Amino acid sequence: REPAYWPRASMMMIQRLTALKSARPRLPWFGSVRNFADSIPAAPETPKKPEPREMRKVSQRFTNISYSPLKMNVVAKLLRRLTVPEALAQCMFSPKKGAVAARSLIEKASDLAHRKHGLEREELFVEQLLVNQGPGTKRVRIMGRGRHGIEFVRSSHLIVHLEEIDFEARIASANNSRQAKKWTSRRDVIAASKQAAQEAEKLEEEAAQ
């Protein structure tokens with residue numbers, strides 16, 4: 001039995017709570033939870049992306065370069081992530097002494113890729129160009145008033161890693177149509193040059209027979 005001294009507002013609140021507790025939960029229009037689960041449409045199957053092809057790589061190094069690592073790193077920053085023809089063009093027109101060593105190293109690495117994997121220079125880009133400090137030597141530094149000091153002559157090591165260009169990925173990740181057109185044209189030019197080289201080899205073989 002409810003006590004008579006409870007306030008009227010408390011009595012109304014208790015009645016509402018008991019009504020909510022005893023009331024059965026309303027089911028949606030489809031009748032049951034099982035029908036609700038069956039009515040949810042299945043998510044469309046996303047097409048599986050093709051696995052990325054492993055790009056071929058080559059590396060080459062040039063040690064004991066008579067050039068400071070700090071100065072050599074300035075040249076390396078200019079050449080990183082460029083294609084091989086672009087990197088060679090930058091080295092050709094750079095007035096720095098380290099550009100000569102970098103150019104000869106990139107040429108050796110590209111020739112190695114051609115002999116090992118049959119890749120042309122247009123299919124390669126400079127993935128990494130690392131500069132390390134080499135051994136140094138101390139020399140006498142002649143100064144004024146009959147004095148002398150010690151200077152430290154530094155050397156550096158240069159390591160290059162060339163990687164094959166994934167033209168399909170470059171075209172897919174292009175920011176605009178102009179970049180996509182550039183990579184598409186480069187891919188077509190390389191394919192045409194390879195086809196022409198194969199036809200020339202066939203003609204030479206036929207002529208030799």
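The present account deals with the structure reproduced in this document. (Residues numbered from 1 in each chain as written. Predicted model: local features only at pLDDT ≥ 70, side-chain atom pairs only at ≥ 80, totals over all residues. Heavy atoms only, no water.)

1. Considering the nonpolar core
Turning to step 1, where the next piece is worked out: The biggest cluster of nonpolar side chains holds 25 residues, and the ones touching the most others in it are L79, I106, V126, L129, L158, V160 and L162.
Turning to step 2, where the next piece is worked out: If you list the elements that add at least two residues to this core, you get β1 (57-65), α3 (69-79), α4 (84-93), α5 (98-117), β2 (124-133) and β5 (156-164).
Turning to step 3, where the next piece is worked out: By residue number, the principal contributor to this core is α5, which donates seven residues.
Turning to step 4, where the next piece is worked out: If we ignore the near neighbours within four places in the chain, the residues touching L162 are R56, K57, V58, V84, I106, A109, S110, L124, F125, V126 and E127.
Turning to step 5, where the next piece is worked out: With five residues, the next largest nonpolar core counts F125, F167, W183 and I190 among its residues. (Core = buried A, V, L, I, M, F, W, Y, C linked by side-chain atoms within 4.5 Å. Buried < 20%, exposed > 50% of the residue type's maximum accessible area, 1.4 Å probe, protein only. Helix = DSSP H or I, 4+ residues; strand = E, 2+ residues; numbered from the N terminus. Contact = heavy atoms within 4.5 Å.)

2. Some details on the pairing of strand β4 (residues 148-153)
Turning to step 1, where the next piece is worked out: When strand β3 (residues 137-142) meets β4, the two strands line up antiparallel, connected through six bridges. Considered in β4, the bridge of R141 is made with G149.
Turning to step 2, where the next piece is worked out: What sits between β3 and β4 in their antiparallel hairpin is a turn of five residues, with R145 showing a positive phi close to 60°. (Pairing = 2+ DSSP bridges.)

3. Things to note about the packing of α4 against α5
The relative placement of two packed helices comes down to the angle between their axes together with the axis-to-axis distance.
Turning to step 1, where the next piece is worked out: Direction vectors running N to C along α4 and α5 enclose 155°, while the axes themselves pass 9 Å from each other. Considering their axes alone, α4 and α5 lie roughly antiparallel with respect to each other. Considering the relative orientation of α4 and α5, their crossing is left-handed. Contacts between α4 and α5 pair V84, A87, L88, C91 and M92 from the former with A99, A102, R103, I106, E107 and S110 from the latter. (Axes fitted to C-alpha atoms, helices over the stretch in contact; angles between N-to-C directions. Parallel < 35°, antiparallel > 145°, perpendicular 65-115°, else oblique. Left-handed = near helix turned anticlockwise from the far one by under 90°.)

4. Some words on the side chain of S155
Turning to step 1, where the next piece is worked out: Among the structural elements, S155 can be located in the loop between β4 and β5.
Turning to step 2, where the next piece is worked out: Only 2.4 Å separates the side chain of S155 from the backbone oxygen of P135, close enough to count as a polar contact.
Turning to step 3, where the next piece is worked out: Setting aside residues no more than four positions away along its own chain, S155 makes contact with I65, Y67, P69, N132, Q133, G134 and P135. (Polar contact = N/O pair within 3.5 Å; in protein donor to acceptor, adjacent residues only side chain to side chain.)

5. Focus: the packing of α3 against α5
Turning to step 1, where the next piece is worked out: Taken N-terminus to C-terminus, the directions of α3 and α5 make an angle of 50°; their axes are 9 Å apart at the nearest point. Judged by the inter-axis angle, α3 sits oblique to α5. In terms of crossing hand, the pair formed by α3 and α5 is right-handed. Listed contacts from α5 to M72, V75 and L79 of α3 are G98, A99, A102 and I106.
Turning to step 2, where the next piece is worked out: When grouped by side-chain class, the residues that make up the contact of α3 with α5 number six nonpolar, one polar and no charged. (Nonpolar A, V, L, I, M, F, W, Y, C, P; charged D, E, K, R; others polar.)

6. Here we look at the packing of aromatic side chains
Turning to step 1, where the next piece is worked out: For the coordinates displayed, the defined rule picks out one aromatic pair.
Turning to step 2, where the next piece is worked out: Lying over the aromatic face of F62, K108 brings its terminal NZ or CZ to 5.7 Å of the ring centre. (Phe/Tyr/Trp six-rings, centres within 6.5 Å; stacked < 30°, edge-to-face > 60°. Lys NZ or Arg CZ within 6 Å of the ring centre and 35° of its normal.)

7. What to know about a negative patch on the surface
Turning to step 1, where the next piece is worked out: Together, E201, E204, E205 and E206 make up a negatively charged patch on the protein surface.
Turning to step 2, where the next piece is worked out: One can find E201 in helix α7 (residues 177-208). (Patch = residues over 30% accessible without salt bridge, like charges linked within 9 Å, V, L, I, M, F, W, Y side chains within 5 Å. Areas by Shrake-Rupley, 256 points an atom, 1.4 Å probe, with all protein chains shown as cover. Salt bridge = Lys/Arg side-chain N within 4 Å of Asp/Glu carboxyl O. Lys, Arg positive; Asp, Glu negative; His and termini not counted. Charge placed at Lys NZ, Arg CZ, Asp CG, Glu CD.)

8. Focus on the sheet that holds β2
Turning to step 1, where the next piece is worked out: Spatially, three strands are ordered β1-β5-β2 in an open sheet, and the strand pairing comes out antiparallel. What marks the edges here is a single partner per strand, and that holds for β1 and β2. For this sheet, the mean angle separating the axes of adjacent strands, direction not counted, is 15°.
Turning to step 2, where the next piece is worked out: Strand direction decides the pairing type here: β2 and β5, joined by nine bridges, are antiparallel. Each bridged residue has a counterpart across the sheet, and for L129 the counterpart in β5 is V160.

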